[in-house]
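Summary of structural features
Chain by chain, the residues:
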Amino acid sequence: LQAMSGNEQDWLALRPQEPSPSQCCGGGCKPCIYDVYEKELAQWERAKAKQDKSLLMEKQEQSNNSVLNPDTFTAFSVSSVEQLTEDTYQYKFELPGNSSLRLSLGQHIVLRGVVNGLEVQRAYTPISPGNAEGYFDVLIKCYEAGLMSEYIRTWRKGDVVFWRGPFGGFPYQPNKHGELLMLASGTGLAPMLPILQSITDDEEDETFVTLVGCFPTFDKIYLKPLLQDLARYWNIRIFYVLSQETSLEKLPWSYQENTYTGRLNEDLMKTIINSCRRRPFVLICGSSAFNEDMTRYLKAAGIEENSCFVF
C-alpha cells in the first residue's frame, strides 16, 4: 500500500499546473495558454491511466530545439541589448545556424516571465524581417510598474528566455491594396515594420504606403535611421505626430515638413487620408484607447470597418 501512495504522489507532482489569469496575455492566441493546459492535462490523464510516464515525454523534447512552437515555450538566447529611448529597448535573439523564425507578416510571439514567483505572459511582435536568418529582433517598452518589465530589465547578453508562437498577423498580399495607411502609436510600430520591409524588398510590389507614427516627442521616435531609409523609397511616405512637442523649429529640417505637433485627431486624419494617392486600406496598432480613437476618426472620414485591420 505504501508503494501505491508514493506512486500517487509521483503522479501528482507531474500533473500540469493550471494557469493563473496573469499568465494569459489577452492577445487571443490560438492556442491560448488555457488550451495548452487542457491538452497537457489530457495527456497527463492518459499517461496516468496507463501508468506510463514515457507518454509525458513529448512535452520536454520540444523546448530546447530552438524551433518556435505555438504549444510549447522554447528557449532562446539574448545576443544583444540596445537601449533606444529612456524606456524602450531592442533585444536581439539568437537562432541556431542560419535558421529563421519564418513568421508571417505582423505575427506576434508570447513571452513567459517569472517575477517574484508569479508567472506572467505578454505578446510582442518581432520587428526583424520574417526571413531574417540566425536572429530575430523584438522592440519592448518597459513600464515603471509593469511586472513583465521588471523581469525584462534584468536581461543581459547570454540570458535564456522563453517564447512560444507565432500568433495572429495580417494576411498581407503584394499589390492587393492600392495603398496601405499605417497608424502606429509607440511600439505599435512593431507589426508595421516587417510589412514595410517586405514591400521594399519586392520590386514587383507597387503598393503605396503612408505610415503615421505617433510619439510624445521627437526624442521618443524609435528606429529613426531605419525609418529614414524606408522613407527614401518612391512608394513609402512617413509622417510623425508628436503629441508633446509644441513647435517644429528645433527639429532637424528633414523632419519638419512631414511632422505634426499635437494629437492625431479627426481633422488631421482627414488631411492625411486626402493626401493618400489611392483609397487606403488601414492598419492600426497602439493602445486600446488609440485603436478606438483611430477607428472612430476613420469612420468619420468615410473609411469603413472592412477597410481596416487592428493588430
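Note that the structure is a prediction, hence the values are computed from the model and not measured. (Residues numbered from 1 in each chain as written. Predicted model: local features only at pLDDT ≥ 70, side-chain atom pairs only at ≥ 80, totals over all residues. Heavy atoms only, no water.)

What follows deals with the pairing of strand S11 (residues 280-285). Here S11 lies mainly inside the structure; six of its six residues are buried. Covered by surrounding structure in S11 are Pro-280, Val-282 and Ile-284 together with Phe-281, Leu-283 and Cys-285, the residues of both alternating faces. As defined by bridge partners, strand S7 (residues 179-185) adjoins S11 across six bridges and the pair is classed as parallel. Pairing of Glu-179 across the sheet is with Pro-280, part of S11. Looking at chain direction, S11 and strand S12 (residues 308-310) are connected through three bridges and run parallel. Bridging from a neighbouring strand, Val-282 pairs with Cys-308 of S12. Handedness of the crossover joining S11 and S12 through helix H9 (residues 288-300) is recorded here as right-handed. (Buried < 20%, exposed > 50% of the residue type's maximum accessible area, 1.4 Å probe, protein only. Helix = DSSP H or I, 4+ residues; strand = E, 2+ residues; numbered from the N terminus. Pairing = 2+ DSSP bridges. Right-handed = clockwise from strand over helix to strand, strands pointing away.)

Time to look at the UniProt feature "domain: FAD-binding FR-type" (unreviewed entry) in the protein chain. Residues annotated by UniProt as "domain: FAD-binding FR-type" (unreviewed entry) correspond here to residues 71-173. With 6% helix and 48% strand, the stretch residues 71-173 has end C-alpha atoms that lie 27 Å from each other. (UniProt positions renumbered as here; feature names shortened; annotations may be inferred.)

One way to put it is that helix H5 (residues 192-201) packs onto helix H6 (residues 224-231) with a least axis distance of 11 Å and a crossing angle of 35°. Seen from above, H5 lies across H6 with left-handed handedness. Counted together, Leu-193, Leu-196, Gln-197 and Thr-200 of H5 and Leu-226, Leu-227 and Leu-230 of H6 form the full contact between these two elements. (Axes fitted to C-alpha atoms, helices over the stretch in contact; angles between N-to-C directions. Left-handed = near helix turned anticlockwise from the far one by under 90°. Contact = heavy atoms within 4.5 Å.)

Another point: the UniProt feature "binding site: FAD" (unreviewed entry) in the protein chain. Feature annotation in UniProt assigns "binding site: FAD" (unreviewed entry) to the following positions: Arg-122, Tyr-124, Leu-139, Lys-141, Met-148 and Ser-149. For the annotated residues, spread through 28 residues, the largest C-alpha to C-alpha distance comes to 13.9 Å, consistent with a single compact locus. Mapping Leu-139 onto the fold places it in strand S5 (residues 135-141). Ignoring anything within four residues of it in the chain, the contact list for Leu-139 reads Leu-84, Thr-88, Tyr-89, Tyr-124, Ile-127, Thr-187, Tyr-222 and Leu-223. Mapping Lys-141 onto the fold places it in strand S5.

This brings us to helix H8 (residues 266-275). Among all positions in H8, only Leu-268, Met-269, Ile-272 and Ile-273 are buried. Within H8, the buried residues cover an arc of 135° as seen down the axis, which keeps them to one side. Seen from the buried face of H8, the exposed residues on the opposite side, beyond 90 degrees, are Asp-267 and Asn-274. Looking at the buried side of H8, the elements it contacts are S7, strand S8 (208-215), strand S9 (236-242), strand S10 (259-261) and H9. Between the side-chain oxygen of the N-cap and the backbone nitrogen of Asp-267 there are 3.3 Å, and the N-cap of H8 in question is Asn-265. (Arc of directions from axis to C-beta. Polar contact = N/O pair within 3.5 Å; in protein donor to acceptor, adjacent residues only side chain to side chain.)

As a further point, take the domain arrangement of the protein chain. Split into domains, the protein chain comes out as domain 1 (18-58 + 67-167) and domain 2 (179-310). Computed over C-alpha atoms, the centres of domain 1 and domain 2 are 28 Å apart. Contacts between the two partners involve 14 residues from domain 1, matched on the other side by twelve residues from domain 2. Approximately 1,200 Å² of surface area, both sides summed, lies buried where domain 1 meets domain 2, with 72% of it carried by carbon and sulfur atoms. Broken down residue by residue, the surface that domain 1 buries against domain 2 is led by Leu-105, Ile-127 and Leu-139, which jointly contribute 39%. On the surface where domain 1 and domain 2 come into contact, there are one salt bridge. The partner of Glu-86 in a salt bridge is Lys-220, with the nearest N and O atoms 3.4 Å apart. (Domains from an automatic or database assignment. Buried area = accessible area lost by both parts, 1.4 Å probe. Salt bridge = Lys/Arg side-chain N within 4 Å of Asp/Glu carboxyl O.)

Turning to its location among the elements, Thr-88 is positioned in strand S2 (residues 88-94). As a C-alpha pair, Thr-88 and Leu-12 span 76 residues in sequence and 42 Å in three-dimensional space. Contacts of Thr-88, omitting those with residues within four sequence positions, involve Glu-82, Gln-83, Leu-139, Ile-140, Lys-141, Thr-187 and Tyr-222. A distance of 3.2 Å separates the side chain of Thr-88 from the side chain of Tyr-222, its partner in a polar contact.

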